[in-house]
Each structure stands twice: as structure tokens, then as C-alpha cells.
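# Examination of the molecular architecture
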Amino acid sequence: MKKRRYLALLLVVTMLGISACGSKGKETQAPAEPAKTQEDAGADEKQEKEPAAQTGESVKLKMSWWGPETRHTTTIAASELYQQDHPNIEFEYEYADWNGYWDRMSAEAAGGNLPDIMCQDYSKWESWIKNDKLVDLTPYVESGALDISDCDEALLASGYVDGKLYGIPCGVNSYAMMYNKKVAEEAGISLEPGYTWEDIAQYSKAIYEKTGVKAQCQDSQEAPLLVEYHAREMGYSMVNEDCSAWGFPVEILEDVLRYNKELYDSGVCIDIDKARETSTYESNLITTGEQWYIPCWSNLFVSYTTVSDEELELTVMPDWGRDKGQVEYSTYIKPAHFWTVTTDCENPDEAVEMINFLVNDIDANLIIKGERGVPINNKVRAAVRESLDDPNAIKVFALFDWLGEYTSPIAPPAPTYATEATDIIINNFDAMFYDDISIEELAEMIYNEGNAVLEAGAANAS
């Protein structure tokens, strides 16, 4: 296959901003009381304050993020490296799993005590910007305090909204298929790009017959991504242009539900009760060798492999099939997440200096090793890749050497209220496994309820 250099890959990440449907009005998950903007007097005082780096004053910075244990340990280690040259900086760390993180951040936003440095996700940050909870970093770039000269402009573009830079991408990642290479090879199977979901079903039967290893009972939390990917490859979007309804016909949802139901009914999948018991990387059934594949974000691959004795591999997500009407690749490249400074921060200069360190310091990134995504700084990326001795970390970097050949541009972020609609998919996905409702009835119910949420959200935002 034709391979592209990594820089070419990043060109698929087009200039992105807030979508038109999400650029006005209030959001359901937005903080109840917007914080003062940087134009307010309090913020002006912060800007005028002499940096602690120059005064030697002791400063505490609170940092927050979500993710696995590997992320916690590497981020803290990189912060400790920073403290060697900045002994006056004390860090307080705040981290949780994905759901717990956003619950905590929403509560802290309402109380006006957000962390100084906050990780943001591409799908979430619209309301935080609209409610003046994030600092515009543009002045720091202009002053040179935040150096982005060695960073890929194509990826940096995703951090700009209305001409202002609100976040620096920690790295780049993509939704990918992780599979047990040894088990696949024992069954004579190779997941080369271009394989389909129908192939996955056939491979699962062959693998189960030859090895006894089962297929995944699809995680309901990941179900909205499967719907989004299927919509994209068939020429649709997740939501329509004004974000007042789904952007795809109900048949897209039926396809995803029916595929997973039929695969489960074939007897080759992990039992649903057992599948829903796994909530950690250590207990995930692919790390224990009990199932042979799982879709996952590429930057989480090392976290899985760190706790597994299995030989795991990464490849692009399956296609629906050109013979079945597929018109586009479903996969896209996205910022793994953003480093941002909140407007609750009392020492924004010091917070920006720390972000500058995390983005540009090679030694810090040799500790992190791309766990937060493949670095956006060209020099850092080259140094990290050259230093890698973990074969699984190397696999993540190698994925991006050729992945761009099988991707399409990422969509603009949907407004926050769209999350309520996708939650309807999550909350009802498992119903089909218990035969209490037909695929058609379940799809129609999810579709109609989602449309109602999106219509109401768009009306409230107008």
C-alpha cells in the first residue's frame, strides 16, 4: 500500500472551529454562572502580576486530566522534571476516569474553582469557551511565552475558535481496531486495511472454532462512535447542519444494532453479563486474552498492552463495504485532547509556562512517550520516536505513517446538548441483547428520542 509521511497525514485535519450550530446560546452542560472574562478587572490584575518565575514566589498549580494509570504516572513524572528547574512551583493533581472527570469539572466550574490547567476534549469544549471558562492563549503566543513554532499548523488549527487560541493539542490520535495478533494468525486471518465488518463476523467464527477465543460483545459506551463512523462512511453526518436533528436516516442506526445483535446471536461473542463486568484495563477481556478484538483510541494502546501478556496489534477500523453503498472512509484523525488554562486560574503566566514545557520539552516527552497522542511538535515527535524501545509504543507511531491513506476529515465539534442525544444510544443499546424489543422498534425509539433532544437543544440555543 502507498504510505504517507506523518506530515501528510496531518493535512487531513483541516482548519476547524466551532460549528455554526454551536456558536450561539446556552448549553445544557455549561456552567451555571459564567466566570468573568479576561476583559474584566480581575483578569486584568492577573495579567499585570509579575510572573513568579521572576520573583521566586511560591506558586501552586492545580492540573486536571482523565485517563488510565499510565497517564497519571507519566504526567506526574514530567511535572516533577519541570520542578527541578522551577522549585517554586508546587503541583496539585486531579484526575479520574472519563465520566467522573466531567462530573467533577462541571461541579468545580459552578463553584468557580476550576483547576489552573485543565485537559479538554474536542467533543466537549464548546460550552466551556462560550461560558468564558478558558483563557485565550493568543497573547502568550504573540509574546513568545508559548512557543508553537515547531508545531504542525494543521493540527494547531483545531485549537482556534473565532481567531483565538484556547487550547494546545496534547497530541494526535485516531479510533482504531486493536486485536490479538497471535490469535488471528493461528486462525489464518490478517486485518489489512479494506477489511469489512462482515469479515469481522466471519473471522470471529473461524477464530472461535480454532482457538476458543471469542469476539467482543460491543461496549454500549462506544456505540455512538460506531453509529457516527457508519454514518460518515455512508455519506452522512452525526447531526444535521443546524444541529437540530440527526444527520443520518434511521437505517444507519438499524444497521449498527442489527449487526451487533446478529453477531451476538451467532454464539461467538462474550456473554453480555461478563462483558459488562470489565471496567478497567487490567480486567478488559482483550488484555486477558478472552476476546480477540476491541475498537479503541490509538493513544490508549500502550495502556492496554502494559497490563497484558497478549501480543496485541493496531489497524484501521473496518469498512461497511463499497458494495453496500459505502462512499467514504469512516476514520478520522483528531486531537487527543487539549491543554487549556481556565479563567479561574490566579497564575495564568505560570500555567502557560508549564503547558509550553509539556508541548516543547523533549525530555518531558521522553517520559510521556506519546501516551497522550503522537506529539504535535515536529522535533519532539522525531526524538520520541527515535528513543522508543517499547514495541507497542512504536506500533502507535507506525500506525500514523500510513493511516492517512484511509481517513476523511474530522467534522466540527457538535454542541454540548448533542451529548444528551448520544447518551440515548448508550442507555438503550443493550436492550436488543435481551430480545424484549425488535431492532426496528429500538432504532425508531432511539432515533425519535434523539431527534427530540436535538430539536429542543437547538431551539434553546437560538
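Quick caveat: nothing in here was measured; it's all calculated off a predicted structure.

What counts as what
- Residues numbered from 1 in each chain as written.
- Predicted model: local features only at pLDDT ≥ 70, side-chain atom pairs only at ≥ 80, totals over all residues.
- Heavy atoms only, no water.
- Core = buried A, V, L, I, M, F, W, Y, C linked by side-chain atoms within 4.5 Å.
- Buried < 20%, exposed > 50% of the residue type's maximum accessible area, 1.4 Å probe, protein only.
- Contact = heavy atoms within 4.5 Å.
- Helix = DSSP H or I, 4+ residues; strand = E, 2+ residues; numbered from the N terminus.
- Phe/Tyr/Trp six-rings, centres within 6.5 Å; stacked < 30°, edge-to-face > 60°.
- Lys NZ or Arg CZ within 6 Å of the ring centre and 35° of its normal.

In terms of nonpolar packing, the biggest core is built from 142 residues, with Ile168 and Trp292 touching the most fellow members. Ile168 has contacts with Leu137, Leu146, Ile148, Leu156, His337, Phe338, Trp339, Ile355, Val359 and Ile376, leaving out every residue within four places of it along the chain.

Considering the arrangement of structural elements, one finds Leu225 in helix H11 (residues 223-233). Counting along the chain gives 197 residues from Leu225 to Thr422, while the straight-line C-alpha distance between them is 9.1 Å. Excluding its chain neighbours within four sequence positions, the residues that come into contact with Leu225 are Tyr175, Trp297 and Tyr332.

Below, the discussion takes up the packing of aromatic side chains. If you walk through the whole model with that rule in mind, you get 24 aromatic pairs. Look at Tyr281 and Tyr304: their rings are 4.8 Å apart centre to centre, the planes differ by 70 degrees, and that puts the pair in the edge-to-face class. Placement of the pair is Tyr281 in the loop between helix H13 (272-275) and strand S8 (293-297) and Tyr304 in helix H14 (residues 301-306), with a sequence separation of 23 residues. Relative accessible area serves as the criterion here: at 10%, Tyr304 is assigned to the buried category. Linked through ring pairs, Trp65, Tyr82, Phe91, Tyr93, Tyr95 and Phe357 together constitute an aromatic cluster. Sitting over the face of the ring of Tyr329, Arg322 holds its NZ or CZ atom 5.1 Å from the ring centroid.

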